[in-house]
Amino acid sequence: MRVELAEIRDFLAPLPPFSLLDADALDALPAQLAVRYLRRGSDFPPAGEAPALYVVRKGAIERRDAHGSLVDVFADGDVVDATAADDDGSRRVAVEDSLLYLLPAPALQALRRAQPAVDAHFARSAAERLRHARRPSDGDDAADADALLRPVGELATRAPVTAPPTLSIREAARRMSAARVSALMIVDDGRLAGIVTDRDLRRRCLATGLPAEAAVASIMSAPVAAIDPESPAFEALLAMTRRGIHHLPLVDAGGVRGLVSSSDLLRGQRAGSVQLARRIRRCASPAELAAAAGELPELQLRLVAAGAGAAQVGHALTALYDALACRLLELAESELGPPPVPYAWAACGSQGRHEQTLRSDQDNALIVHDDFRPEAHGAWFAALAQAVADGLDACGLRYCPGRVMASTADWRQPVRVWSERFAEWIRAADKRSAMLAANFLDLRVVRGDPALLAPVHATVVRECARHESFVAQMTANALENRPPLGFFRQLLLVRGGTATDAFDVKRGGLLPISDLARVHALAAGCAEIGTLPRLRAAAGGPTLSAYGARELAEAFEFLGGLRLRHQSAQLRRGEAPDNLIAPASLGRLERAELKAAFAVIERQQAVMAQRYAARSAT
Amino acid sequence: MIRRLAGELRRRWLLARAPAGPRRDFLAAPWPPGGLPCAAARYLALDLETTGGDPQQHEIVSLGWVCLDGPRIDLGSARRRIVRIAGAMSAESATVHAITDDEAAAGVPLDAALRELLAALAGRVLIAHYAPTERGFVDAACRRLLGGGIAIPAIDTLDIARRLMPPGQAPAPGSLRLGTLRRHYGLPRYPAHDALSDALAAAELFLAQLGAAPRPPTLAEWLA
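Let me sum up the structure you'll find in this document. Every value quoted in this text rests on a predicted model; they were computed, and no experiment measured them. (Residues numbered from 1 in each chain as written. Chains lettered and ligands numbered in written order. Predicted model: local features only at pLDDT ≥ 70, side-chain atom pairs only at ≥ 80, totals over all residues. Heavy atoms only, no water.)

1. Concerning the overall build of chain B
Thinking step 1. Counting its secondary structure elements, chain B contains 10 helices and 5 strands.
Thinking step 2. Split into buried and exposed, the 224 residues of chain B put 52% on the buried side.
Thinking step 3. In chain B, the share of contacts with a sequence separation of at least 24, taken over all contacts with a separation of at least 6, comes to 67%. (Helix = DSSP H or I, 4+ residues; strand = E, 2+ residues; numbered from the N terminus. Buried < 20%, exposed > 50% of the residue type's maximum accessible area, 1.4 Å probe, protein only. Contact = heavy atoms within 4.5 Å.)

Structure representation (structure tokens):
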């Protein structure tokens, strides 16, 4: 039978949760819908309608809270859940003439019962939804320096999984599931005819409504790139990076030998960063270091192509920037002579948290032994700090605009002064001092004696416990960067109702989570510095539920991955990486997941705000 | 008001003379009262694809319809029927409707499609864009296959579009076409010349017109 209402089905097909439906269920979907037209200015949901899930076909629905401030906007292709009444006093209104499709609640319930994937979509917490959306990343960390020079055939970890072109799509999918692979090689008469990936099943079969009985050849990618298993692994990696693919069949004169995936090559990539670190340690001048640092963008690209996640890339880059700083310090020392008193060079900010990205700002400080005498030793440390700051700038880490770096006299102090200064900041508990203290809570020794930092840290912990007002001020600061509300067509909606065409993924997503994690860690007395370790350590503690910690961590990793993909695309285009993402460049699913991440931050900020409001009231 | 009254009288006159059968069943349902607000009435939006413009001479190729209960379109009621027609399709109309002779040959007899339509339409008001076509062809088909004519209450979205224009303004050429009017109301583009798509398109246009009316109309005001 020819599918009636195919036009409506095709409109719904790519929209989650309908994108999760199998082809039959998708075909049957339109007949379960009703259509409503809402005139601009009418209340949503329309009066007299039973609870339903709505899809905006055309138009726009706004939600405002009890105070009248804009909370959300739903436009073309957005799904609005009105299966339960809003009990938060908010009001929804059609702000444009809107054509709406509605799926009545009983039909939605039936769909959830019949389609486990749809049920999971609704049942899943926001955190799990984000985890689902995140790119897979490889967890093992074996590092073989020569992996990239070995024949690629040795890196392929699985026996080849193949199918004839005539096999049905359903059977092919079964075969992939059984072998637990995400790519299937289509082999015709011993010859490689094409390749089918999970993505093809979704995009070329499910989304287009192609019957599962069709031949798998109809959805395969062909012609397909292949490589001789005897070729060096780096060639396979280059081929994948160039084509933007994650699987490469291994084919020689005898036929199909196997399949190598990008994660198979990740080990080799780790080795890439190890090799670069080695090279950095052998550099003889700041100029050579700057040249070595010039390979960092390339390294990031290859890490990402190989499937590394944001946390892994952050660690790799931090390790290399640490290595650069160490080598610059060594070179400066060999110029200036040995240090007059012991010192520790510490990184703060994202480098301190092991969350370094390319082209960020310098954030560092010098902690000098208490034997330090300014008149005798000041010049040596000033020269050291200046040399390193200049060297780092040449390596792509810009001077800090706020001058929070060791080359500023204020940020070179003996242990005693640092301790006093922290104590002072904590007692003052004003906005600026809390901000400075927060920055220095991310302090991590890169080179020198970690024992120099310990007393400073002990002071911070002691004083914080005594000064609730400081924690309150730090909390207030942490709540200052609010996530955006969501999207409206190609614009990003921010609080207050103004829309912009760029989303600052750092300020509007990553920083708020880092700030929350820092406050929670402080309240729980955890010494961890990284955002994810802090969330893990503070989970189930006095201020953060295990659930809250998990959903914040998922959101953080999702946003980090988003930034990574954005910056990788910029690097490939030869642009300088930044944090500004255009909503227009985001896919529908990415938008939905991003909105879920905003909601997580919003929720956890609200929880924290309530907690501190309640505490300051008592 | 007069139109509704005349139509209702015609229905009673036809009912009194109709033998038992689908036509009588249809005529037995009284027209909804003229004072009923349009937002509260029940409708069936219909579109016919035909081999030409003359109900006496040309044939119905396909029918598409969808029901509305007040301001709510029920997509579960959507139907599309291809008719197995007697004469060969002209190449021209086959191109327009994208229905080939093979498809038409695999269709249902007009008689079956007509009975199904009348059963769905009973007690409802017809919605069509330029209703004389749909009314004319259904009436002609009833005369040919069911032994006599029929009376169908109808709202013509083209007629409503004309009435909703500022007084004294003549419509620009093409401005009353279904697609143009839909664009005017910000409705999505649908593939044209598919009977069901066009029926749904007319139904949505009707809802948009209902929303745009200066005050809520009654059936008597809007019936064609």
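2. Some details on the environment of Arg24(B)
All names here are of chain B.
Thinking step 1. Relative to the assigned elements, Arg-24 resides in helix α2 (residues 22-28).
Thinking step 2. When the C-alpha atoms of Arg-24 and Arg-11 are compared, they prove to be 10.0 Å apart, with 13 residues separating the residues in sequence.
Thinking step 3. Each residue touching Arg-24, except ones within four places of it in the same chain, is listed here: Leu-15, Ala-18 and Pro-19.
Thinking step 4. A distance of 3.2 Å separates a polar side-chain atom of Arg-24 from the backbone oxygen of Leu-15. (Polar contact = N/O pair within 3.5 Å; in protein donor to acceptor, adjacent residues only side chain to side chain.)

3. Brief notes about the interface of chain A and chain B
Thinking step 1. Listed as interface residues are 20 residues of chain A and, on the opposing side, 26 residues of chain B.
Thinking step 2. Across the chain A/chain B interface, buried area totals approximately 1,900 Å², and carbon plus sulfur atoms make up 58% of it.
Thinking step 3. Our enumeration of links across chain A and chain B arrives at 1 salt bridge.
Thinking step 4. One salt bridge connects Arg72(B) with Glu49(A), and the closest N-O pair in it is separated by 2.8 Å.
Thinking step 5. The tally of links between chain A and chain B comes to 7 residue pairs in polar contact (both at pLDDT 80 or more).
Thinking step 6. Broken down by secondary-structure element, the contributors of at least two residues to the side of chain A that touches chain B are α1 (6-12), β1 (34-38), β3 (52-58) and β8 (98-104) of chain A.
Thinking step 7. Among the residues making up the side of chain A that touches chain B, the classes are represented as 12 nonpolar, no polar and 8 charged. (Buried area = accessible area lost by both parts, 1.4 Å probe. Salt bridge = Lys/Arg side-chain N within 4 Å of Asp/Glu carboxyl O. Nonpolar A, V, L, I, M, F, W, Y, C, P; charged D, E, K, R; others polar.)

4. Comments concerning the pattern of salt bridges
Thinking step 1. Considering all chains together, one arrives at 45 salt bridges over all chains under this definition.
Thinking step 2. For Asp194(B), the salt bridge is made with Arg80(B), and the minimal N-O distance between the two is 2.7 Å. A residue pair is termed long-range when its members are at least 10 positions apart, and Asp194(B) in the loop between α8 (178-184) and α9 (195-212) and Arg80(B) in strand β3 (residues 72-82) qualify at 114 residues.
Thinking step 3. Salt-bridge contacts for Glu204(B) lead to Arg182(B); the nearest nitrogen and oxygen are separated by 2.9 Å. Here Glu204(B), found in helix α9, pairs with Arg182(B), found in helix α8; they are 22 residues apart in sequence, far enough to count as distant.
Thinking step 4. By relative accessible area, which is 0% here, Glu204(B) ends up buried.
Thinking step 5. Arg182(B) gets classed as buried once you look at its relative accessible area, which sits at 4%.
Thinking step 6. Counted as one network, the salt bridges with shared partners bring together Arg353(A), Glu355(A), Asp442(A), Asp515(A), Arg518(A) and Arg534(A).

5. Remarks on the nonpolar core
Thinking step 1. Counting 91 residues, the largest nonpolar core has Leu12(A), Phe18(A), Tyr43(B) and Ile155(B) as its most contacted members.
Thinking step 2. Among the elements that line this core, the one with the most residues is α9(B), at 9 residues.
Thinking step 3. In this structure Phe18(A) touches Leu12(A), Ala13(A), Leu26(A), Leu29(A), Leu53(A), Val55(A), Val79(A) and Leu103(A), once residues within four positions along its chain are discounted.
Thinking step 4. Judged by nonpolar contacts, the second largest core, of 64 residues, contains Phe440(A), Val445(A), Leu492(A) and Leu559(A). (Core = buried A, V, L, I, M, F, W, Y, C linked by side-chain atoms within 4.5 Å.)

6. So, the sheet that holds strand β2 (residues 43-44) of chain A
Residues and elements named next belong to chain A.
Thinking step 1. Spatially, 4 strands are ordered β2-β7-β4-β5 in an open sheet, and the strand pairing comes out antiparallel. The sheet terminates laterally at β2 and β5 (70-75), the two strands that pair on one side only.
Thinking step 2. Relative to strand β7 (residues 91-94), β2 runs antiparallel, the two being bridged by 2 bridges. Across the sheet, Asp-43 pairs through a bridge with Val-93, a residue of β7. (Pairing = 2+ DSSP bridges.)

7. A closer look at the packing of helix α18 (residues 468-478) of chain A against helix α19 (residues 506-524) of chain A
All names here are of chain A.
Thinking step 1. Orientation of α18 relative to α19, taken along the N-to-C sense of each, is 160 degrees, at an axis distance of 9 Å. When the axes of α18 and α19 are compared, the pair comes out roughly antiparallel. Note on packing geometry: the crossing formed by α18 with α19 is left-handed. Of the residues in α19, those in contact with Phe-470, Val-471, Met-474, Thr-475 and Ala-478 of α18 are Asp-515, Leu-516, Arg-518, Val-519 and Leu-522.
Thinking step 2. When its residues are assigned to classes, the contact of α18 with α19 shows 7 nonpolar, 1 polar and 2 charged. (Axes fitted to C-alpha atoms, helices over the stretch in contact; angles between N-to-C directions. Parallel < 35°, antiparallel > 145°, perpendicular 65-115°, else oblique. Left-handed = near helix turned anticlockwise from the far one by under 90°.)

8. Some thoughts on the packing of aromatic side chains
Residues and elements named next belong to chain A.
Thinking step 1. Summed over all chains, the structure comprises 12 aromatic pairs over all chains.
Thinking step 2. An angle of 65 degrees between the planes, with centres 5.8 Å apart, marks the rings of Phe-372 and Phe-381 as edge-to-face. Grouping residues by exposure puts Phe-372 and Phe-381 together as buried.
Thinking step 3. Ring centres of Trp-411 and Trp-425 lie 6.3 Å apart, and the angle between their planes is 45 degrees; this geometry places the pair in the tilted category. Of this pair, Trp-411 sits in the loop between α14 (374-394) and β16 (412-414) while Trp-425 sits in helix α15 (residues 415-428), and the two are 14 residues apart along the sequence.
Thinking step 4. Residue Trp-411 is classed as buried on the basis of its relative accessible area of 7%.
Thinking step 5. Members of the aromatic cluster, joined through ring pairs, are Tyr-343, Phe-372, Trp-380 and Phe-381.
Thinking step 6. In this arrangement the basic side chain of Arg-57 is found over the ring face of Phe-11, its NZ or CZ atom lying 4.4 Å from the centre.
Thinking step 7. One cation-aromatic arrangement involves Arg-421 over Trp-418; the distance from NZ or CZ to the ring centre is 5.4 Å. (Phe/Tyr/Trp six-rings, centres within 6.5 Å; stacked < 30°, edge-to-face > 60°. Lys NZ or Arg CZ within 6 Å of the ring centre and 35° of its normal.)

9. Notes on unusual backbone geometry
All names here are of chain A.
Thinking step 1. For the peptide bond that leads from Pro-16 to Pro-17, omega is 5 degrees, which places it in the cis range.
Thinking step 2. Considering the arrangement of structural elements, one finds Pro-17 in the loop between α1 and α2 (23-28).
Thinking step 3. With an omega of -10 degrees, the peptide bond running from Phe-44 to Pro-45 counts as cis.
Thinking step 4. With respect to the helices and strands, Pro-45 occurs in the loop between β2 and β3.
Thinking step 5. Located in the positive-phi region is His-354, a residue other than glycine, with phi close to 65 degrees.
Thinking step 6. Position of His-354 among the secondary structure elements: in the loop between α13 (349-352) and β15 (364-368).

10. Things to note about helix α10 (residues 286-293) of chain A
Thinking step 1. Taken as a whole, α10(A) has its buried residues at Leu289(A), Ala292(A) and Ala293(A). Projected down its long axis, α10(A) shows its buried positions confined to an angular sector of 100 degrees, all on one face. (Arc of directions from axis to C-beta.)

11. Observations regarding the packing of α10(A) against helix α12 (residues 310-336) of chain A
Residues and elements named next belong to chain A.
Thinking step 1. Packing of α10 against α12 leaves a shortest axis separation of 10 Å and a crossing angle of 170 degrees. With respect to each other, α10 and α12 are oriented roughly antiparallel. Side by side, α10 and α12 meet where Pro-286, Leu-289 and Ala-293 of the first sit next to Leu-324, Arg-327, Leu-328 and Leu-331 of the second.
Thinking step 2. For the contact of α10 with α12, the residue count by class is 6 nonpolar, no polar and 1 charged.

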